[in-house]
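A closer look at the structure
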Amino acid sequence: MNAAELPAQKYIPAAIAVKFAEAAIQACRSEGYGVTAVVVNTEGNVIVQIRGDGARVQTVETARNKAYSAVTLAANHNLDLTSGILASMQAKGAVGVGTWPMPPASSTGITLFAGGVNLRSNGEIVGALGVSGTPNGKLDEGCALKARDAVGGML
């Protein structure tokens, strides 16, 4: 195999990742919330992380975990949103701790909270955006979706 035969992998350029994060922060800011937004690549590695004005300290790790979970777990369930992971796992009979279908020793970086959204280019997952900082994960998810809609055409 030579270099020309190697598969090409799409990725999110840093400049576009910044635009996703800024758009999510602005979407939540317009609703009165300070959030952190994190964009990761397909391996779950952080491309950009921005802690918006007023975002609390715990939002940094939570936003990263939401993006990581979207690009790893949600994709395995043919989903684009972390909000669908829990329902999908429960529907398939997964058991875990209480009503959360996770093993007793959770995997580092995994969360089932809403607010992680996969990012696609021509149908292919190229990364994910995680948002954290509103009082409800569905609000975080809404800001992430607004950012994906606003910036997604650049991918």
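Residues numbered from 1 in each chain as written. Predicted model: local features only at pLDDT ≥ 70, side-chain atom pairs only at ≥ 80, totals over all residues. Heavy atoms only, no water.

1. Quick notes on the overall build of the chain
Where we set the bar: Per the convention used, a helix needs a DSSP run of H or I reaching at least four residues, while a strand needs a run of E reaching at least two, with both numbered from the N terminus. Only protein chains enter the accessibility calculation, which uses a 1.4 Å probe; a residue is then buried when its area is under 20% of its type maximum, exposed when over 50%, and partly exposed in between. Contact between two residues is taken to exist if any of their heavy atoms lie within 4.5 Å; hydrogens are not considered. Accessible areas in this description were obtained via Shrake-Rupley with a 1.4 Å probe; residue shielding takes into account the shown protein chains only.
Each helix and strand counted, the chain has four helices and four strands in total. Starting at the N terminus, the α and β elements of the chain follow one another as α-β-β-α-α-β-β-α. Residues classed as buried in the chain amount to 41% of the 155 residues present. If you take every contact in the chain between residues at least 6 apart in sequence, the share linking residues at least 24 apart comes to 64%. Surface accessibility of the chain: about 7900 Å² in total, with carbon and sulfur atoms responsible for 53%.

2. As for the pairing of strand β2 (residues 46-51)
For clarity, the cut-off: Criterion used throughout: strands pair if DSSP finds at least two bridges between them.
Direction of pairing for strand β1 (residues 36-40) relative to β2: antiparallel, over a ladder of five bridges. If you follow Val40 over to β2, its bridge partner there is Val46. Between β1 and β2, which follow one another and run antiparallel, lie five residues, and Gly44 among them has a positive phi close to 85°.

3. Details of the nonpolar core
What counts is decided by this rule: Throughout, nonpolar core names a set of buried Ala, Val, Leu, Ile, Met, Phe, Trp, Tyr and Cys residues whose side chains join them through atoms within 4.5 Å.
Ranked by internal contacts, the top residues of the largest apolar core, which has 22 residues, are Ile12, Ala37, Val39, Leu119, Leu129 and Val131. Of all the secondary-structure elements, those providing two or more residues to this core are α1 (14-29), β1, β3 (116-121), β4 (124-132) and α4 (137-151). Top contributing element to this core by residue count: α1, with eight residues. The next biggest cluster of nonpolar side chains, apart from the first, holds eight residues, and it includes Val38, Ala63, Ala67 and Ala70.

4. Some words on the state of the cysteines
Operational definition: Our working definition of a disulfide is a cysteine sulfur pair at a distance within 2.5 Å.
Enumeration according to the criterion identifies one disulfide in this entry. In this model, Cys28 is linked to Cys143 through a disulfide, with the two sulfur atoms separated by 2.1 Å. Every disulfide takes its handedness from the sign of the S-S torsion; for Cys28 and Cys143 that torsion is 120°, giving right-handed. One end of the pair, Cys28, is in helix α1; the other, Cys143, is in helix α4, and 115 residues separate them in sequence. What makes Cys28 buried here is its relative accessible area of 0%. A relative accessible area of 1% places Cys143 in the buried class.

5. Describing the side chain of Asn65
Mapping Asn65 onto the fold places it in helix α2 (residues 58-76). Apart from the residues lying within four places of it in its own chain, the contact partners of Asn65 are Gly109 and Thr111.

6. Quick notes on helix α3 (residues 83-91)
In plain terms, the rule: In this description, the arc belongs to the directions extending from the helix axis to the C-beta atoms.
Every buried residue belonging to α3 is among Ile85, Ser88 and Met89, and all of these are buried. Seen end-on, α3 carries its buried residues on one side only, within an arc spanning 95°. Of the surrounding secondary structure, the elements contacted by the buried residues of α3 are α2.

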